[in-house]
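# Structural features, examined
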Amino acid sequence: MNEDDVMNQDRAQRMFESLDNPIWFALTTEHRTLARSHGRARRYPPDVSPLAALLHPTNDAFADLRQLVSPGEHVALFTANALDVPSEWQVDRSRWIDQMICEVSLVPPPVVPLSLGTTDVPEMLELTAATEPGPFLPKTIQMGSYFGIRASDGRLVAMAGERLQTTAFTEISAVCTHPEFRGLGYARTLTTFAAARILAAGKIPFLHVKSENGAKVVYQEIGLRVRAAIYLTVIYLR
């Protein structure tokens, strides 16, 4: 292996290591205009997302985060290891989840989902409230592009979109289908469409899923693989 190959391999390794702290890298690159920052802490505006991040999980960084969070307000962090949370914070819930990435070429699905915009947000909020795919707030749509499928009566019955974005990666999120319309392949269609679109833009799609979630099998069939376990911690100030 020559020197150029070694350097390229090192760059690739550092690029993938950024996924160990994806919220931080999103808020310091593609989403920096959305970032609320203080020292070694970053977060999204409360009406966009509860996601927050620390440069390193030190007591000083948690003190910086405290300047960005109101008492009782919940924020969620993704880290490579379980967090040792200072005593002024209360852990609401924490667990390991799977981080999956897609590095294979995908053929877009034959059905092109509809692009969703701000006028669709009330329906998007209603759908995510019924399906609970993860936090979706009135301004979450600012994080990326969202797409949906409507029933014959015009109802929004399935959707997926983009959440965390860095220079190299884009996260697929809010994949959900109304209970009345499950089993029709809508999640597969939307995830494949979103992943193919991200790959066409020159980035690598990734997503987070609970290990026990049945959707994980669908994601694997599409072409995603588990890259790493990521620790989700939801905390609030006492």
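Residues numbered from 1 in each chain as written. Predicted model: local features only at pLDDT ≥ 70, side-chain atom pairs only at ≥ 80, totals over all residues. Heavy atoms only, no water.

### So, the layout of surface pockets
In this structure, the largest pocket encloses a volume near 1,200 Å³. For the lining of the largest pocket, the secondary structure elements donating two or more residues are β4 (74-79), β5 (89-102), α4 (121-131), β9 (169-177), α5 (186-200), β10 (204-209), α6 (215-222) and β11 (224-237). Top element by residues in the lining of the largest pocket is β9. It accounts for seven residues. As a volume, the second largest pocket reaches approximately 280 Å³. Residue lining of the second largest pocket: 16 residues in total, with N21, L54, L55, H56 and P57 positioned closest to the centre. Of all the elements in the fold, those that place two or more residues in the lining of the second largest pocket are α2 (22-27), β3 (52-54) and β4. Looking at the lining of the second largest pocket, the element that brings in the most residues is β4, giving three residues. Tallied by class, residues from the lining of the second largest pocket come to ten nonpolar, four polar and two charged. (1 Å grid on protein atoms, 1.4 Å probe; cavity = no way out; pocket = protein on both sides within 12 Å on 5 of 7 lines; lining within 4 Å. Points joined across faces, edges and corners; volume = space filled by probe spheres on them. Helix = DSSP H or I, 4+ residues; strand = E, 2+ residues; numbered from the N terminus. Nonpolar A, V, L, I, M, F, W, Y, C, P; charged D, E, K, R; others polar.)

### Points about the packing of aromatic side chains
Within this structure, the stated rule accounts for six aromatic pairs. Centre to centre, the rings of F16 and F169 are 5.5 Å apart; their planes meet at 65°, and the pair counts as edge-to-face. Taken together, the positions of F16 in helix α1 (residues 3-17) and F169 in strand β9 put the pair 153 residues apart, joining distant regions of the chain. Look at F169 and you get buried, because its relative accessible area is 0%. Pairing W96 with Y231 gives two aromatic rings, centres 4.8 Å apart and planes at 70°, and the pair type is edge-to-face. Linking W96 in strand β5 with Y231 in strand β11, this pair joins segments that are 135 residues apart in sequence. One aromatic cluster in this structure is built from F16, F169 and F206. (Phe/Tyr/Trp six-rings, centres within 6.5 Å; stacked < 30°, edge-to-face > 60°. Buried < 20%, exposed > 50% of the residue type's maximum accessible area, 1.4 Å probe, protein only.)

### Describing α4
Listed in full, the buried residues belonging to α4 are V121, M124, L127, T128 and T131. The buried residues of α4 occupy one face: seen down the axis, they fall within an arc of 120°. Facing away from the buried side of α4, by more than 90 degrees, are the exposed residues P122, E126 and A129. Against the buried residues of α4 lie β6 (114-116), β7 (146-150), β8 (156-165) and β9. Remark: E132 follows α4 within two positions and exhibits a positive phi of approximately 50°. (Arc of directions from axis to C-beta. Contact = heavy atoms within 4.5 Å.)

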